[in-house]
Amino acid sequence: MTHTQQNIVTIESLSKTFTTRRGETVTAVTDINLAMEEHSFTCIVGPSGCGKSTILRIASGLEKPSEGTVHYRGVPVTKPCEHIGLVFQEYSLFPWLTARDNVAAGLKFAGIDKATRHHEAMAFLGMVGMKDFARAYPHELSGGMKQRVAIARALATNPDLLFMDEPFGALDAHTRILLQQELLNVWEMTRKTIVLVTHSVDEAVFLADRIVIMTGSPGRIRNTLDVDLERPRRRSMPRFGELTDHILKELEPER
Ligand SMILES: Nc1ncnc2c1ncn2[C@@H]1O[C@H](COP(=O)(O)OP(=O)(O)OP(=O)(O)O)[C@@H](O)[C@H]1O
């Protein structure tokens, strides 16, 4: 595989083996080859334990591969960097900081002065519809609101790549659908490259340009599928149902 101009991330021959505390080895993923085009929206779906999170953790530099490589714009990824934003399922906000200060926190490490930090934080809170809650603390916010703040915080450092691991997994169905739409709005506004891991095939078909379908034990890519559905997408579109059914079939365990 070559590192073409438009591929922002390239994952080649990636495998990861963990050694458990009891000394057993577990191959989490094997022979993963993936490239993300700039500005694209990729969803990774697969059964629990097939290594989706492991791929994101390695691709963002939080974990080392056992074999293979990850490149960001042609440069090996060996540790977390400011170009890659992360949003995980647990809101991971600082409980002692207000929504605004949570968003501003990332900018503090970047050495930006306080007034600019606050101004920028408000702009990103506005983008996710949370301006009115800038002074609220995480415990005063609902799950959906906390996840909005987490997205604003990930965007604040202006990464060009956003890795999201089950960001809406803990939300009720209604809030989840609202936030999916908001994420699409943010994506269309900012044109970030997004890679999102989800258990929900419906969510993947709603969001993605391309869906990576994984199988488990050890995790490997079974198929990748380009989503040939125009936007805005509606779940009532016949093709929406066809694609969902097709992916669900691919995910069925082999007999
Ligand atoms: N630090 C670790 N030590 C040992 N095994 C691990 C470690 N992290 C992950 N694993 C194992 O690797 C495999 C893949 O885990 P991973 O969390 O990446 O899967 P996943 O597809 O994201 O799962 P889920 O959808 O349930 O979140 C699992 O078998 C898991 O037990």
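- The name an unreviewed UniProt entry assigns to the chain is NitT/TauT family transport system ATP-binding protein, from the organism Desulfoluna spongiiphila.

**Here we look at the nonpolar core**
The tendency in soluble globular proteins is for nonpolar side chains to be buried as a group.
Thinking step 1. Ranked by internal contacts, the top residues of the largest apolar core, which has 68 residues, are Val45, Ala59, Val103, Ile151, Ala152, Phe163 and Ile211.
Thinking step 2. Here this core takes 8 residues from helix H4 (residues 143-156), the largest share from any one element.
Thinking step 3. Alanine 59 has contacts with Val9, Ile11, Val70, Val77 and Phe163, leaving out every residue within four places of it along the chain.

**A closer look at the site of the ligand**
Thinking step 1. The local shell around the ligand consists of Phe18, Thr20, Val26, Ala28, Gly46, Ser48, Gly49, Cys50, Gly51, Lys52, Ser53 and Thr54.
Thinking step 2. Contributing elements (two or more residues each) for the shell around the ligand: strand S2 (25-37) and helix H1 (52-59).

**What to know about the sheet that holds strand S8 (residues 193-198)**
Thinking step 1. Taken together, the 6 strands give an open sheet; going across it, the order is S6-S7-S8-S3-S9-S10, and neighbouring strands pair in mixed fashion. For this open sheet the edge positions go to strand S6 (84-87) and strand S10 (220-226), each flanked by a neighbour on one side alone. Recorded for the sheet is a direction-independent mean angle of 15° between the axes of neighbouring strands.
Thinking step 2. Inspection of the sheet shows strand S3 (residues 41-45) paired to strand S9 (residues 210-215) by 4 bridges, in the parallel sense. Bridge pairing links cysteine 43 to isoleucine 211 in S9.
Thinking step 3. Running over the sheet, helix H7 (residues 238-251) touches S3, S9 and S10 and is turned about 20° from S9.

**Quick notes on unusual backbone geometry**
Thinking step 1. Residue serine 217 is joined to proline 218 through a cis peptide bond whose omega torsion reads -15°.
Thinking step 2. As for its placement among the helices and strands, proline 218 is situated in the loop between S9 and S10.
Thinking step 3. Cis peptide bonds are those with omega within 30 degrees of zero, and the linkage from arginine 231 to proline 232 qualifies with 0°.
Thinking step 4. Relative to the helices and strands, proline 232 resides in the loop between S10 and H7.

**Side note on the packing of helix H3 (residues 114-127) against H4**
Thinking step 1. The geometry of H3 relative to H4 is characterised by a closest axis approach of 9 Å and an angle of 130° between their N-to-C directions. Between H3 and H4, the crossing angle belongs to the class labelled oblique. The handedness of the crossing between H3 and H4 is right-handed. Contacts between H3 and H4 involve Glu120, Ala121, Phe124, Leu125 and Met127 from the first element and Ala152, Leu155 and Ala156 from the second.
Thinking step 2. Here the contact of H3 with H4 is built from residues that sort into 7 nonpolar, no polar and 1 charged.

**Quick look at the sheet that holds strand S4 (residues 67-72)**
Thinking step 1. With antiparallel pairing, 4 strands are arranged side by side in an open sheet as S2-S1-S4-S5. The open sheet has two free edges, formed respectively by S2 and strand S5 (75-76), since each of these has just one partner strand.
Thinking step 2. Of the strand pairs in this sheet, strand S1 (residues 7-19) and S2 are connected by 9 bridges, and their pairing is antiparallel. Across the sheet, residue threonine 17 finds its bridge partner in S2, namely threonine 27.
Thinking step 3. Packed onto the sheet, H1 meets S1, S2 and S4 and runs at close to 120° relative to S1.

**Comments concerning the packing of H4 against helix H5 (residues 173-190)**
Thinking step 1. Here H4 crosses H5 at 15°, and the two axes come no closer than 11 Å. Relative to H5, H4 is oriented roughly parallel. Here H4 and H5 pass one another in a crossing that is right-handed. Each of Gly143, Gly144, Gln147, Ile151 and Leu155 in H4 lies in contact with H5, whose residues at this interface are Thr175, Leu179, Leu183, Val186 and Thr190.
Thinking step 2. Residue composition of the contact of H4 with H5, grouped by class: 5 nonpolar, 5 polar and no charged.

Each value, and the rule that gives it
Residues numbered from 1 in each chain as written. Predicted model: local features only at pLDDT ≥ 70, side-chain atom pairs only at ≥ 80, totals over all residues. Core = buried A, V, L, I, M, F, W, Y, C linked by C-beta atoms within 7 Å. Buried ≥ 20, exposed ≤ 12 C-beta atoms within 10 Å, placed from the backbone. Helix = DSSP H or I, 4+ residues; strand = E, 2+ residues; numbered from the N terminus. Contact = placed C-beta atoms within 7 Å. Near = placed C-beta within 6 Å. Pairing = 2+ DSSP bridges. Axes fitted to C-alpha atoms, helices over the stretch in contact; angles between N-to-C directions. Parallel < 35°, antiparallel > 145°, perpendicular 65-115°, else oblique. Left-handed = near helix turned anticlockwise from the far one by under 90°. Nonpolar A, V, L, I, M, F, W, Y, C, P; charged D, E, K, R; others polar.

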